[in-house]
Amino acid sequence: MATLPKNERRKTTSPKKRTMWIYGAPFSGKTTFADSAPNPLMLNTDGNAEYVTAPYVSIQDEIKVNGRITQRTLAWQVFKDYLEELEKGGNGYETIVIDLVNDVYEMCRLFMYDKLGITHESDDSYRAWDKVRTEYLSTMRRVLHLPYENIILLSHEDSTKDLTKKSGDKITSIKPKMSDKVADSLSGMVGFVGRAYVDEGKHLLSIKSDEVIYGGGRLGVSDVVIPLEWSEVIKLFEKKKENK
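Residues numbered from 1 in each chain as written. Predicted model: local features only at pLDDT ≥ 70, side-chain atom pairs only at ≥ 80, totals over all residues. Heavy atoms only, no water.

## Focus on the overall build of the chain
Then, in step 1: Scanning the chain from N- to C-terminus turns up six helices and twelve strands.
Then, in step 2: Radius of gyration (C-alpha) of the chain: 19 Å, near the 18 Å computed for a compact globule of 244 residues.
Then, in step 3: Dimensions of the chain along its principal axes, counting C-alpha atoms only, are 65 × 55 × 45 Å.
Then, in step 4: Counting the 244 residues in the chain, one finds 45% classified as buried.
Then, in step 5: Within the chain, contacts between residues separated by at least 24 positions form 62% of all contacts whose residues are at least 6 apart in sequence. (Helix = DSSP H or I, 4+ residues; strand = E, 2+ residues; numbered from the N terminus. Rg over C-alpha atoms; globule rule 2.2 N^0.38 Å. Buried < 20%, exposed > 50% of the residue type's maximum accessible area, 1.4 Å probe, protein only. Contact = heavy atoms within 4.5 Å.)

Below you can see the structure in the form of structure tokens.
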């Protein structure tokens, strides 16, 4: 039987679970940053995990050959199988890293194409767009509810789109490499979205949201640029929830 909580206000505290989505260009330090988190496990899609010290599993199609029969397990199903195992807990890990979430989204698309018998979302009168997003986002909610202290999502950035201001000037938009609808839904599930970049040889993390850069979050911090270091990110979660 469901039991309702006591009808009284709670004191706000630092979040017990740290969830974050960090995007950036290749070699901006995302994977190295995630490697510095406590007891991490990386679910890796692009092979970068071979260059860091954390244990990792590769998320890719699995092919088994039995005589003349070839069996293929699509990467999205492999990802969900590992997720089911992680939900059991009790394995000593404290941090789960998804590297890269934009690759995982493409894996989800291919899985749904195969399931629906289509070659593109438009083949299903555009209903497939919703089916793919629902499958992906519902699974990512499971990821962010995993029983681990830290959940880190990593993705590449997209700086190929131009925006036209009211003045007529064109500016480059910098955002995660993912569709706007999926990105907006996913960003609402994490503590913050930040951009990793390199400036004068220093690896930095920008948490801001404006017409150029995509970012922000629920931590009550904005227009913040910090070193891309685990200790600095922890300070963000320890701060009181107030805008400065």
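## Topic: the environment of Glu62
Then, in step 1: Among the secondary structure elements, Glu62 is positioned in strand β4 (residues 62-66).
Then, in step 2: With 148 residues separating them along the chain, Glu62 and Asp210 place their C-alpha atoms 41 Å apart.

## Focus: the pattern of salt bridges
Then, in step 1: Within the structure shown, the criterion is met by ten salt bridges.
Then, in step 2: In this structure, the salt-bridge partner of Arg72 is Asp61, at a minimum N-O distance of 3.1 Å. Here Arg72, found in strand β5 (residues 69-73), pairs with Asp61, found in the loop between β3 (56-58) and β4; they are eleven residues apart in sequence, far enough to count as distant.
Then, in step 3: Overall, the relative accessible area of 32% leaves Asp61 in the partly exposed class.
Then, in step 4: Taking the shortest distance from any N to any O, the salt bridge between Glu135 and Lys80 comes out at 2.9 Å. (Salt bridge = Lys/Arg side-chain N within 4 Å of Asp/Glu carboxyl O.)

## Observations regarding the packing of helix α4 (residues 127-144) against helix α5 (residues 180-187)
Then, in step 1: At their nearest, the axes of α4 and α5 sit 11 Å apart, and the two run at 25 degrees to each other. Our classification of the angle between α4 and α5 gives roughly parallel. Two packed elements cross with a definite hand, and for α4 against α5 that hand is right-handed. On the side of α4, the interface is formed by Arg133, Tyr136, Leu137, Met140 and Leu144, while α5 contributes Lys181, Val182, Ser185 and Leu186. (Axes fitted to C-alpha atoms, helices over the stretch in contact; angles between N-to-C directions. Parallel < 35°, antiparallel > 145°, perpendicular 65-115°, else oblique. Left-handed = near helix turned anticlockwise from the far one by under 90°.)

## Description of the packing of aromatic side chains
Within a pair of aromatic rings, the relevant descriptors are the distance that separates the centres and the angle that separates the planes.
Then, in step 1: Summed over the entire model, instances satisfying the criterion amount to five aromatic pairs.
Then, in step 2: Ring centres of Tyr105 and Tyr136 lie 5.0 Å apart, and the angle between their planes is 80 degrees; this geometry places the pair in the edge-to-face category. Taken together, the positions of Tyr105 in helix α3 (residues 101-116) and Tyr136 in helix α4 put the pair 31 residues apart, joining distant regions of the chain.
Then, in step 3: Under the relative-accessibility criterion, Tyr105 is labelled buried at 7%.
Then, in step 4: A connected cluster of aromatic rings, assembled from ring pairs, spans Trp76, Phe79, Tyr105 and Tyr136. (Phe/Tyr/Trp six-rings, centres within 6.5 Å; stacked < 30°, edge-to-face > 60°.)

## Remarks on the nonpolar core
Then, in step 1: Core analysis: the biggest nonpolar cluster contains 40 residues, and Tyr136, Leu153 and Leu186 have the highest contact counts within it.
Then, in step 2: Looking at this core, the elements with two or more residues in it are β1 (18-24), β2 (40-44), α2 (75-86), β6 (95-99), α3, α4, β7 (150-164) and α5.
Then, in step 3: Here Tyr136 is in contact with Trp76, Val101, Val104, Tyr105, Cys108, Met178, Val182 and Leu186, once residues within four sequence places are set aside.
Then, in step 4: Residues Ala49, Leu100, Leu228 and Phe237 belong to the second largest nonpolar core, which totals 27 residues. (Core = buried A, V, L, I, M, F, W, Y, C linked by side-chain atoms within 4.5 Å.)

## Regarding the confidence of the model for the chain
Then, in step 1: In this model, the chain carries an average pLDDT of 87, and 91% of its residues clear a pLDDT of 70 or more.
Then, in step 2: Per-element mean pLDDT across the chain ranges from 80 in strand β8 (residues 170-176) up to 97 in α2.
Then, in step 3: Long-range and interchain partners of residues 240-244, a stretch whose pLDDT sits below 50, account for eight contacts in this model, where long-range means more than four residues apart. (pLDDT = per-residue confidence, 0-100.)

## Looking at the environment of Gly220
Then, in step 1: Structurally, the position occupied by Gly220 is in the loop between β11 (216-217) and β12 (224-227).
Then, in step 2: Residue classification places Gly220 among the buried positions, given a relative accessible area of 13%.
Then, in step 3: Between the C-alpha atom of Gly220 and that of Tyr51, which follows or precedes it by 169 residues, the distance is 34 Å.

## Brief notes about the environment of Glu232
Then, in step 1: With respect to the secondary-structure elements, Glu232 resides in helix α6 (residues 230-238).
Then, in step 2: Setting aside residues no more than four positions away along its own chain, Glu232 makes contact with Ile226 and Pro227.

## Here's the deal with α5
Then, in step 1: Buried residues of α5: Val182, Ala183, Leu186 and Ser187, and no others. The buried residues of α5 all sit within an arc of 125 degrees when viewed along its axis, so they share a single face. (Arc of directions from axis to C-beta.)

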